[in-house]
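# Examining the three-dimensional arrangement
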Amino acid sequence: MKFSVVISTYNRLNLLQRAIDSARNQTMECEVVVADDCSSDDTQVYLQSLGDKIVYHRNEVNQGHAATVNAGVAKASGDWIKFLDDDDYLAPNCIEEMAKAIALCPDAVICSCVAAQVDGNEVELSRTPQVGPGLAFYIPQADIHYGMLLELLPFGTPVQVACRRDAFLQTGGWDSTLDANCDDIDSWIRIAQFGDAIFFNQCLAYRTIWPGAYNQKFSLSRRLSTNILMKEKIYALVNDQHRSKIPVFQDIKNYLTLHWILVALKQKNIKSFLSMIDLSILSPQSWKFLLTAVSSRRSQGNNSQVRKLVLIES
């Protein structure tokens, strides 16, 4: 099994160097591919200086985040792709731990791990929640979209996720119309149609929380609209055996609206609050979903509503 770490970058050379170092210093050898979205700083000079230590692709013109990820995957030769944005970095044993679990689960097409969220000085702020039992477990394909719909299976951001390259290519890659606004989540939804998922309750990745993050450029109301779109896609893919247990979609839409209204209030963003406010905040079902989601994130691994959580014995 061969892994390729695909790093997408644009005008962030100081951060990119850390991401590349984290990929090159893995305890298991892997290919490092850097896809550069036509940076105007010294990124090209630095990457060319690395020679054959990396595979380098540069867009002829700026094409956006999603297209750059797709270009990087096209250049990769690994069986599995480990995604990495230039402002994030990996634990040294990330690839090794993922490879060991994948070898025991031949039908897996996607995996995700716990990530530490750090500030600009690499000080840990928080961690994404553990999901399910043990250090690693897999979810059969038939249960994945049901778990995603109820927010019991959060795959997370690119730094947390790896996928099988052939499954990625079957989906057609990342959608440039979304470009950094859930383009990653949209991809996980589609990849999960082709096999099982693996979750690691190990911190194998580090995500930087800072104002320059890609998703910070979108308004809260736009992020709400895209979240609703993602849930619609997931809803359509829930396996028939779970259909009788899922709520009507309007209740899910109301819950998402309530969530982003509360985010706007927390941020004191009155403009976004006024643009999103509606009667959904009065729905008891919306508050029930909100409390369930919060409880799930804090439960550190009790996913009893997912049909199967199969431990991976290493």
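Description of the structure in this document. (Residues numbered from 1 in each chain as written. Predicted model: local features only at pLDDT ≥ 70, side-chain atom pairs only at ≥ 80, totals over all residues. Heavy atoms only, no water.)

### Here's the deal with helix 5 (residues 141-149)
With respect to burial, helix 5 is a largely interior element, eight of its nine residues being buried. Packed against the buried residues of helix 5 are strand 8 (136-139), helix 7 (183-191), strand 10 (196-208), helix 8 (220-237) and helix 9 (249-266). Looking one or two places after helix 5, you find E151, whose phi comes out positive at around 60°. (Buried < 20%, exposed > 50% of the residue type's maximum accessible area, 1.4 Å probe, protein only. Helix = DSSP H or I, 4+ residues; strand = E, 2+ residues; numbered from the N terminus. Contact = heavy atoms within 4.5 Å.)

### Considering unusual backbone geometry
The residue C38 is not glycine, and still its phi comes out positive at about 60°. Mapped onto the fold, C38 is located in the loop between strand 2 (31-36) and helix 2 (43-49). Positive phi, normally seen in glycine, also occurs at E151, with a value near 60°. Mapped onto the elements of the fold, E151 is located in the loop between helix 5 and strand 9 (161-164).

### Side note on the pattern of salt bridges
Going through the model one piece at a time under the given rule, you end up with 11 salt bridges. When the shortest N-O distance is used, the salt bridge between R164 and D166 registers 2.9 Å. Residue D166 is classed as partly exposed on the basis of its relative accessible area, which comes to 40%. Here the salt bridges share partners, and the residues they tie into one network are R12, D86 and D87. (Salt bridge = Lys/Arg side-chain N within 4 Å of Asp/Glu carboxyl O.)

### A few points about the pairing of strand 6 (residues 108-118)
For strand 6, the tally of buried residues reaches 11 of 11 residues, placing the bulk of the element in the interior. Judged from the 10 bridges that link them, strand 6 and strand 10 form a sheet pairing that is parallel. Paired with S112 across the strands is F199, a residue of strand 10. One ladder, built from three bridges, connects strand 6 with strand 9; its direction is antiparallel. Along strand 9, the bridge assignment pairs I110 with C163. Summarising the sheet, strand 6 and strand 7 (residues 124-127) pair through three bridges and their orientation is antiparallel. Each residue of the ladder has a partner; that of A116, found in strand 7, is R127. (Pairing = 2+ DSSP bridges.)

### Here's the deal with the packing of helix 5 against helix 8
Contact geometry for helix 5 and helix 8: axes closest at 9 Å, N-to-C directions at 145°. The interaxial crossing formed by helix 5 with helix 8 has left-handed handedness. Seen from helix 5, the contacting residues are H145, M148 and L149; seen from helix 8, they are K231, I234, Y235 and L237. (Axes fitted to C-alpha atoms, helices over the stretch in contact; angles between N-to-C directions. Left-handed = near helix turned anticlockwise from the far one by under 90°.)

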